[in-house]
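Analysis of the macromolecular model
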Amino acid sequence: MLPANQFKILWDVEEKEPACTVPCPGGGEEDASAHRLCEGGEEDACAPRLCEGGEEGASPPRLCEGGEEDASPPRLCEGGEKDARAPRLCEGGEEDASPPRLCEGGEEDASPPRLCEGDEEDASPPRLSHTPLDDDGDLDVARRRPGDASSGWRRERVCPLILTQASGDAEDGCGEEDDGNEEDAPRQDIIRIEHTMATPLEDVGKQIWRGAFLLADFILSRPAEFAGATVLELGAGTGFTSVVMATQAKTVYCTDVGQDLLNMCQRNITINQHLTEAKASEVRVRQLDWMGNDFCTDAEEAFAWTEEEVAHLHDETSLIIAADVCYDDELTDALFRTLYRITSNLRKPSTLYLSIEKRLNFTLRHMEVTCEAYDHFRHCLQELGDMEDGRMQYRVERVLGPVPQFFQYERVEQLELWRVTANQK
């Protein structure tokens, strides 16, 4: 797979130059006028006030309420000259130290201040006449629409991904480029998958995750184990793993939830139909909600089950697979409830293969790096293995040893594959 594009944000920081000395009349000597004094008679060390032209001012300092000198910087007119006008006063006679209001073009607004209810001055930032605002008073930003021809730039919402078996002469680790010629005869070593590059959490099924690649590699490395089998995939997403499984198995029930996701999955099954036809196998895309208690058999619903399919699933299924579907604790709990409900109704002993990537995250709650989703997955696995309900018996073990890599992706060490065997007592 091509790695995700990385963007770097550059922040423009304006550096202020150090204050320079402004010479006084007479060849750069210090102004001999009386120094400003702080409370208590000490000399005021703050920067002197400047007169027009940059000379130090000997004018009397501005005084705050109580006779103390106002140490705030003077207001400047356009061009950096000191504003000699009388200061603006707040309620009670104190000088208003807030920054002056500016007119369009950066000049100070000399108009009377805006007043709020109760004759108090409105301290909110001034609105400029050239600034576009929406109905709520927020900044109205004109956004570029995706695919705008006038901008000369286009980004597709859905990206086709071509997956090929890894070859020894591949140097960049990427799949072959699509030449866009749909009329070419389909190749048996190419899987074409429609997917999205980035999604919100609720649409993660529209992406292809490394756990799916690991499970697909394992399927291709064990053709004898999956040959002629009836397989159920939970949380199939784009349907990639189901397509790979269909090259070995006889019937694959490819399940997930969500109309939009299932439509994408069905398209991927259709455009890779040449692979299933060559093996005389079939992939059936069906809806299966882990939060529900049964299969959806409503004929009016899209991707609903028929009564015959439900019966066939219970009678013939011997393998269940799920690729990287444990990222939310509530969904993980629902997954294991679904696994128990289905396996306890199968006529044949079954084997489950679950792939997962151990993702590390820094949490403010623990103030350390944790793997909460992975830890919860392991906890559910242990509970399943320790279950003693008098009806089912599960054996949990991690698949160890090297798995040959048939697809080009980054095989990180955090990828794991687990096997669960289920038998009725």
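The following paragraphs examine the structure supplied in this document. Not measured: the values here are computed from a predicted model.

1. A word on the side chain of D217
Here D217 lies in helix α1 (residues 210-221). Looking at D217, its side chain comes within polar contact range of the side chain of Y409, at 2.7 Å. Setting aside its immediate chain neighbours within four residues, D217 contacts V403, P404, Q405, F406, F407, Y409 and R411.

2. A look at the packing of aromatic side chains
Here the structure, examined in full by the defined rule, presents eleven aromatic pairs. With 4.9 Å between their ring centres and 50 degrees between their planes, F218 and Y353 make a pair best called tilted. Of this pair, F218 sits in helix α1 while Y353 sits in strand β7 (residues 350-357); the two residues are 135 residues apart in sequence, bridging distant segments of the chain. In this structure F218 comes out as buried when scored by relative accessible area, which is 1%. Plain terms: the ring middles of F226 and Y353 are 6.0 Å apart, the flat faces sit at 65 degrees to each other, and that makes the pair edge-to-face. With F226 in helix α2 (residues 223-226) and Y353 in strand β7, the pair connects residues that are 127 residues apart, well separated along the chain. With respect to class, F226 is no different from Y353; both count as buried. Chaining the aromatic ring pairs together yields one cluster made of F213, F240, F407 and Y409. Taking NZ or CZ as reference, R341 lies 5.9 Å from the ring centre of F295, over its face.

3. Brief notes about helix α7 (residues 329-343)
Because an α-helix packs 3.6 residues into every turn, residues spaced three or four apart end up facing the same way. Between its first and last C-alpha, α7 extends 21 Å over 15 residues, near the 21 Å set by a 1.5 Å rise per residue. Here α7 has its buried residues at T332, A334, L335, F336, T338, L339, R341, I342 and T343. A distance of 3.1 Å separates the backbone nitrogen of E330 from a side-chain oxygen at the start of α7, and that oxygen is part of D328.

4. Topic: the side chain of S355
With respect to the helices, strands and loops of the structure, S355 is situated in strand β7. Here S355 falls in the buried class, since its relative accessible area comes to 3%. Separated by 2.9 Å, the side chain of S355 and the backbone oxygen of G211 make a polar contact. S355 has contacts with G211, A212, L215, A322, A323, D324, E416 and L417, leaving out every residue within four places of it along the chain.

5. Some thoughts on the packing of α7 against helix α8 (residues 372-385)
One way to put it is that α7 packs onto α8 with a least axis distance of 10 Å and a crossing angle of 25 degrees. Here α7 lies roughly parallel to α8, going by the angle between them. Of the two elements, α7 crosses α8, and the hand of that crossing is right-handed. Across the interface between the two elements, D329, T332, D333 and F336 of α7 pack against E372, A373, H376, F377, C380, L381 and L384 of α8. Residues that form the contact of α7 with α8 fall into these classes: six nonpolar, two polar and three charged.

Definitions and cut-offs
Residues numbered from 1 in each chain as written. Predicted model: local features only at pLDDT ≥ 70, side-chain atom pairs only at ≥ 80, totals over all residues. Heavy atoms only, no water. Helix = DSSP H or I, 4+ residues; strand = E, 2+ residues; numbered from the N terminus. Polar contact = N/O pair within 3.5 Å; in protein donor to acceptor, adjacent residues only side chain to side chain. Contact = heavy atoms within 4.5 Å. Phe/Tyr/Trp six-rings, centres within 6.5 Å; stacked < 30°, edge-to-face > 60°. Buried < 20%, exposed > 50% of the residue type's maximum accessible area, 1.4 Å probe, protein only. Lys NZ or Arg CZ within 6 Å of the ring centre and 35° of its normal. Expected span 1.5 Å × (residues − 1). Axes fitted to C-alpha atoms, helices over the stretch in contact; angles between N-to-C directions. Parallel < 35°, antiparallel > 145°, perpendicular 65-115°, else oblique. Left-handed = near helix turned anticlockwise from the far one by under 90°. Nonpolar A, V, L, I, M, F, W, Y, C, P; charged D, E, K, R; others polar.

Purely geometric numbers; function is a separate question.
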